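If you want the building blocks of each chain, they are given just below.
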There are 2 protein chains.
Amino acid sequence: MSIRIGILGYGNLGRGVECAIKHNPDLELVGVFTRRDPETVQILTKTAKVYSVDDAEKMKDQIDVMILCGGSATDLPEQTPKYAQWFNVVDSFDTHKKIPEHFANVDKAASENGHVGIISVGWDPGMFSLNRMYANAILTNGKDYTFWGKGVSQGHSDAIRRIKGVKDGKQYTIPVESALEAVRSGKNPELTTREKHTRECFVVAEEGADLARIENEIKTMPNYFDEYDTTVHFISEEELKRDHSGIPHGGFVIRTGKTGWNDENSHVIEYSLKLDSNPEFTSSVIVAYARAAYRMNQEGQKGCKTVFDVAPAYLSAQSGEELRKHLL
Amino acid sequence: MSIRIGILGYGNLGRGVECAIKHNPDLELVGVFTRRDPETVQILTKTAKVYSVDDAEKMKDQIDVMILCGGSATDLPEQTPKYAQWFNVVDSFDTHKKIPEHFANVDKAASENGHVGIISVGWDPGMFSLNRMYANAILTNGKDYTFWGKGVSQGHSDAIRRIKGVKDGKQYTIPVESALEAVRSGKNPELTTREKHTRECFVVAEEGADLARIENEIKTMPNYFDEYDTTVHFISEEELKRDHSGIPHGGFVIRTGKTGWNDENSHVIEYSLKLDSNPEFTSSVIVAYARAAYRMNQEGQKGCKTVFDVAPAYLSAQSGEELRKHLL
């Protein structure tokens, strides 16, 4: 029997989850839940239906895991604890600072109702966190580095688009190759924000807008750009559509450390991702953790979990025996 | 209270474990158990003692986890099940083909006696296996590649040393850079053995030996060298000692795969290690899993486990709360 999945929220992430379910034959999409009028939402999966979010509770016996695809700012803090009452849930909550609070809220709802809720799933937080954690546990005497990119930052692209005279724009975060090399060499460099990443912006200006002012506003914007070396390119709307419509991302987690009685030996652990589609990759991680949530709950576990709490084997459709035979 | 560790076998790996324990303040080395005369074995840890292996059983209440540092060919198949009777155990069993059999034997002994035994811990099997598994669970539609090196292969070095006229020798396995690049590009290349790795040998010949014959015997040796492009350098004993006394290793685990409704997006997940000391890094992984074995057993778990069965948080000295706050 398949594991029955619901998707709540049908944006980039929700569509990514739908595609990921297609790649996992032991999972079945039952329904997509939306705040919009269900009649107006077209999904790709012929065997699934679109429901109003208001009907979710009624479906609690028809869905094993509800995947929450809302945003971290306002949706998930409310939705994840709420739906953990009725379902096992997985979310991709990524406001690092508020994770302890979110964990506590989800833990309460999930524990009281006998469900498993896995939060902050994706690649950062998610696979990057896992790799930081494994590398820290192995090389206790070392230093961590995380680089992001090359990829599109939604937050920075939004910030550009809020500037007066900007019609549209896209921002790429780019790791500085020489900084990566310095880290890999085991030199343990102390790197400033400016030394680690550069920012490249592609901007479509409104007709007659003052380009010099826009460029200056971008480059001096506090928190977003002022601490970085930023390049601004003004391009046409057609060029933006043609060359910058993808949502690529990726990055590097590197830990260097020493071993030996007198710390005489150096080691480098590096994990990297190069992703054509940030939401589709994130979704693929989420779907594997949905399988885990279901299985852990079947074994009687409950409460809030993160990627740190989930034994890897739960993620795979293969049995322990198959995993040991083929992947160990 | 510290987790009390025993080391059984004091070669490169045993010494590596001793050094790794020094880097983990919550672990304490109680004793090293040896088949040699304990009087002849000098260890580095002043607070620990050297015992005969025959005294291990008597120490079963003084040691929480026994780390087995013998070889996979003959030692571990016998030792791991044997010591799992009396202790939680961790080993680095690396004969891939015999893992299912070894798992069954350790599982029986550990289960019957209420202990946890974690087998095949290190980097391959170990961290490489974990990364293969995570990447497979995420990108279900993809292809795996593992490259080893640059590093010293003990097995190939031994094979060289068995050739008549060879006094000493060291063999490096080297991944082919162009093959790595082809894999990273997402082209899904089919690579032959020869295309993936080259082998480089540094050989000290006995005086008057026939160098051409030795070189030919190496290059044509079945299983070890005949399927590779191999380079042989004859050097002096002094050069070998000066330039090739380390035990570096490392490698790359790469999975490329597709997502999207029509498989339109490509992704690359890459994990790599660059290690100055193969046994010290392996030991550092083992020691983290010793912590996990103890904790899992404290929670009432028993039987044989692999890295697939151990939730990551068990490896870290930090609490769940600290991990969520600092590493998620």
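About the cut-offs
Residues numbered from 1 in each chain as written. Chains lettered and ligands numbered in written order. Predicted model: local features only at pLDDT ≥ 70, side-chain atom pairs only at ≥ 80, totals over all residues. Heavy atoms only, no water. Helix = DSSP H or I, 4+ residues; strand = E, 2+ residues; numbered from the N terminus. Rg over C-alpha atoms; globule rule 2.2 N^0.38 Å. Buried < 20%, exposed > 50% of the residue type's maximum accessible area, 1.4 Å probe, protein only. Contact = heavy atoms within 4.5 Å. Buried area = accessible area lost by both parts, 1.4 Å probe. Salt bridge = Lys/Arg side-chain N within 4 Å of Asp/Glu carboxyl O. Polar contact = N/O pair within 3.5 Å; in protein donor to acceptor, adjacent residues only side chain to side chain. Nonpolar A, V, L, I, M, F, W, Y, C, P; charged D, E, K, R; others polar. Pairing = 2+ DSSP bridges. Axes fitted to C-alpha atoms, helices over the stretch in contact; angles between N-to-C directions. Core = buried A, V, L, I, M, F, W, Y, C linked by side-chain atoms within 4.5 Å. Least-squares fit on C-alpha atoms with pLDDT ≥ 70 in both.

A.B. asks: So what's going on with the overall build of chain A? Which residues, and what values?
C.D. replies: Along the backbone of chain A there are eleven helices and 14 strands. For a compact globule of 328 residues, the expected C-alpha radius of gyration is about 20 Å, and chain A comes in at 22 Å, within 12% of that figure. Its C-alpha atoms give chain A principal-axis dimensions of roughly 65 × 60 × 35 Å. Across the 328 residues that make up chain A, the buried fraction comes to 58%.

A.B. asks: Which residues make up the interface of chain B and chain A, and what values go with them?
C.D. replies: Facing 67 residues of chain B, the contacting portion of chain A comprises 67 residues. Summed over both sides, the interface of chain B with chain A buries roughly 6000 Å², with 64% coming from carbon and sulfur. Together, B:Trp261, B:Arg324 and B:Leu328 form the three largest contributors to the area buried by chain B at its contact with chain A, with a combined 15%. At the surface where chain B touches chain A, the tally comes to zero salt bridges. At the junction of chain B with chain A, the criterion picks out 29 residue pairs in polar contact (both at pLDDT 80 or more). For the side of chain B that touches chain A, the secondary-structure elements that each account for two or more residues are helix 1 (12-22), helix 3 (99-112), helix 4 (127-138), strand 12 (249-259), strand 13 (265-275), helix 10 (278-298) and helix 11 (320-326) of chain B. Take the side of chain B that touches chain A: its biggest share by element is eleven residues, from strand 13 of chain B. For the side of chain B that touches chain A, the per-class residue count stands at 32 nonpolar, 20 polar and 15 charged. Pairing analysis gives nine bridges linking strand 13 (residues 265-275) of chain A to strand 13 of chain B, with the strands arranged antiparallel.

A.B. asks: Could you give me a rundown of the pattern of salt bridges, with the residues and numbers involved?
C.D. replies: Residue and element names in this part refer to chain A. Taken as a whole and judged by the stated rule, the model has 36 salt bridges over all chains. Linking Asp-144 and Arg-255 is a salt bridge whose minimum nitrogen-to-oxygen distance equals 3.1 Å. In this pair, Asp-144 is assigned in strand 7 (residues 142-148) and Arg-255 in strand 12 (residues 249-259), connecting sequence segments 111 residues apart. Judged by relative accessible area, Asp-144 falls into the partly exposed class, the value being 29%. For Arg-255, a relative accessible area of 4% corresponds to the buried category.

A.B. asks: Go over the sheet that holds strand 4 (residues 65-68) of chain A, please, and point to the residues and values.
C.D. replies: All names here are of chain A. With respect to topology, seven strands assemble into an open sheet ordered 3-2-1-4-5-6-14, the strand pairing being parallel. The sheet is open, and its two edges are formed by strand 3 (49-52) and strand 14 (303-305), each paired on a single side. Ignoring which end each strand starts from, the neighbouring axes of this sheet average 25 degrees apart. Summarising the sheet, strand 1 (residues 3-8) and strand 2 (residues 27-34) pair through six bridges and their orientation is parallel. In the sheet register, Gly-6 faces strand 2, and the bridge partner there is Gly-31. Sheet strands in contact with helix 1 (residues 12-22) are strand 1, strand 2 and strand 4, and its direction is about 165 degrees off that of strand 1.

A.B. asks: Hey, could you go over the sheet that holds strand 3 (residues 49-52) of chain B for me, with residue numbers and the actual values?
C.D. replies: Pairing between the strands of a sheet is mediated by backbone hydrogen bonds and can be parallel or antiparallel. Residues and elements named next belong to chain B. Strand order in this open sheet of seven strands is 3-2-1-4-5-6-14, and the pairing throughout is parallel. The sheet is open, and its two edges are formed by strand 3 and strand 14 (303-305), each paired on a single side. Across the sheet, the axes of successive neighbouring strands diverge by a mean angle of 25 degrees, strand direction being ignored. Packed onto the sheet, helix 1 meets strand 1 (3-8), strand 2 (27-34) and strand 4 (65-68) and runs at close to 165 degrees relative to strand 1. Helix 3 contacts strand 6 (116-118) and strand 14 of the sheet and is inclined by roughly 140 degrees relative to strand 14.

A.B. asks: Please give an account of the nonpolar core that cites residues and values.
C.D. replies: If you look at the biggest cluster of nonpolar residues, it comprises 162 residues, and the most contacted ones within it are A:Tyr289 and B:Tyr289. Sequence-distant contacts of B:Tyr289, that is, excluding residues within four places in its chain, are made with A:Tyr134, B:Val90, B:Ile118, B:Val121, B:Leu130, B:Val307, B:Val310 and B:Leu315.

A.B. asks: Got a sec to walk through the relation of the copies chain B and chain A? Specific residues and values, please.
C.D. replies: Here chain B sits on chain A after a turn of 180 degrees about the axis and a move of 0.0 Å along it, with an RMSD of 0.0 Å. When the rotation and shift are considered jointly, the pair of chain copies conforms to a two-fold rotation axis. Taking the C-alpha atom as reference, chain B places B:Ala311 closest to the rotation axis, 1.9 Å from it. The residues that chain B uses at the interface reappear at the interface of chain A in 100% of cases, marking a shared surface.

By themselves these figures say nothing about function.
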